[in-house]
Amino acid sequence: MSDVESLPKVELHLHLEGAAPPEFIRTLAAEKNIELNGVFDAQGAYAWTNFAAFLETYHKACEVLDDPEAFRRLTEAVLAKSAADGVIYTEIFIAPDICGGGDPVAWGEYLAAILQGAETARATHGIETRFIPTCIRNLGPEAAVRAAQLTVDRMGPMVTGFGMGGEERHLTAADFASAFEFAREAGLGITSHAGELCGPHSVVETLDHLRPSRIGHGVRAIEDPELVRRLADEGVVLEVNPGSNIALSVFPRWADHSIQALRAAGVPVTVSTDDPPYFHTDMRYEYRMLADTFGWTTADFTALNMTAVDAAFCDVDTKTRLKARLTGDTP
Ligand code: ADE
Ligand code: ZN
């Protein structure tokens, strides 16, 4: 095992349902007597062939996550795995449209169960968690405004951001401006997926219309030097998920990934896993591959994690404690 794998880590981009191990989904399906068709391949891994098929499988698997208790168990399982991989702080995307189908009462119940799971994980494993509810882009602007309202209704110490995932090729960022305006005005941290499947224009539109402090992925910004300069000048932080990008063929090989060039150009980058079992990755694997591919050292990863703490949607005291843990100043 290379020593970078055992470093303490900060993760800013992880989808709760996307982190569900296939065994977890199979167990729940068996318990609930739900038949899942087309979700798993012959080896028992998640089956998908491209981004659209990935989203389809993802939402099919979510059919078994149909009550708050399932989400409490999922939260505990996901955080136990993150902690085992050395993650000390994580931000997790959840979706009011998946947790209760957008119904305010159900959303409250799902969220309470998720927060209970995170409290248990903190007590058991010492891992600190914040949640970022998201709208789902392909559900459209009205659903996005509703998701923002549901998020603001329940914002608090552990619900600190608002974001957007889903099919990036659907509509344009401007169509979602009012949802994000509402969330920002309420004081939530803002992030949005962009520049993953679509080119630099999607990052530019997202910066112009949603005004996030962070971009989920953003890796195709590298195709536009002016945009790279803008990201560096404005200090917009990229939540980069290299293993996810390789699995989805955004780049053909690790050596072709833009994270190295973006970092060299002064763009603040961080490293996360997105939907780890779908993309056959975890945080240890990401660190090992970055060390092996680009020669990143412990000092590089510590700097990367400091950037992630600065960009985190949490309070100053938590950031101070995290930085002390990253530099080994506290146990
Ligand atoms: N939802 C879950 N994973 C996603 C990804 N990688 N991009 C967009 N939406 C997602
Ligand atoms: Zn993502």
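Shown above is the structure to which this text applies.
These numbers come from a predicted model, not from an experiment.

J.: Honestly, the site of ligand 1 in this entry has me stumped. Any pointers?
T.: Around ligand 1, a shell composed of His-15, Phe-51, Phe-54, Tyr-58, Gly-165, Gly-166, His-193, Glu-196, His-217, Asp-274 and Asp-275 is seen. A distance of 2.9 Å separates a nitrogen atom of ligand 1 from a polar side-chain atom of Glu-196. Contact between ligand 1 and Asp-275: a nitrogen atom at 2.7 Å from a side-chain N or O atom of the residue. Applying the majority rule of atoms within 2 Å of the grid points places ligand 1 in the largest cavity.

J.: Could you clarify how one ought to interpret the coordination of the zinc ion (ligand 2) in this entry?
T.: Under perfect tetrahedral coordination by four donors, a metal shows angles of 109.5 degrees; under perfect octahedral coordination by six donors, it shows angles of 90 or 180 degrees. Those protein atoms acting as donors to the zinc ion (ligand 2) are His-13 (NE2), His-15 (NE2), His-193 (NE2) and Asp-274 (OD), and they sit at 2.1 Å. Coordination at the zinc ion (ligand 2) is irregular, judged from the 4 donor atoms that bind it and the angles of 89 to 168° they form at the metal. Within one chain, the residues serving as donors to the zinc ion (ligand 2) are arranged as H-x1-H-x177-H-x80-D. In this pair, His-13 sits in strand S1 (residues 9-15) while Asp-274 sits in the loop between strand S8 (269-271) and helix H11 (283-294), placing the two residues 261 residues apart along the sequence. Across the pair, Asp-274 and His-13 agree in class, each one buried.

J.: Got a minute to help me understand the state of the cysteines in this structure?
T.: Throughout this description, disulfide means a covalent bond between two cysteine sulfur atoms. Overall, the coordinates contain 0 disulfides when judged by the stated rule. Of all cysteine sulfurs, the one in Cys-135 lies closest to Cys-198, which takes part in no disulfide; the gap is 15 Å.

What counts, and at which threshold
- Residues numbered from 1 in each chain as written.
- Chains lettered and ligands numbered in written order.
- Predicted model: local features only at pLDDT ≥ 70, side-chain atom pairs only at ≥ 80, totals over all residues.
- Heavy atoms only, no water.
- Near = heavy atom within 4 Å.
- Polar contact = N/O pair within 3.5 Å; in protein donor to acceptor, adjacent residues only side chain to side chain.
- 1 Å grid on protein atoms, 1.4 Å probe; cavity = no way out; pocket = protein on both sides within 12 Å on 5 of 7 lines; lining within 4 Å.
- Sits in = over half its atoms within 2 Å of the grid points.
- Donors = N, O, S within 2.8 Å, 3.2 Å for Na, K, Ca; no water.
- Tetrahedral: all angles 85-135°; square planar, octahedral: opposite > 155°, others 65-115°.
- Helix = DSSP H or I, 4+ residues; strand = E, 2+ residues; numbered from the N terminus.
- Buried < 20%, exposed > 50% of the residue type's maximum accessible area, 1.4 Å probe, protein only.
- Disulfide = S-S within 2.5 Å.

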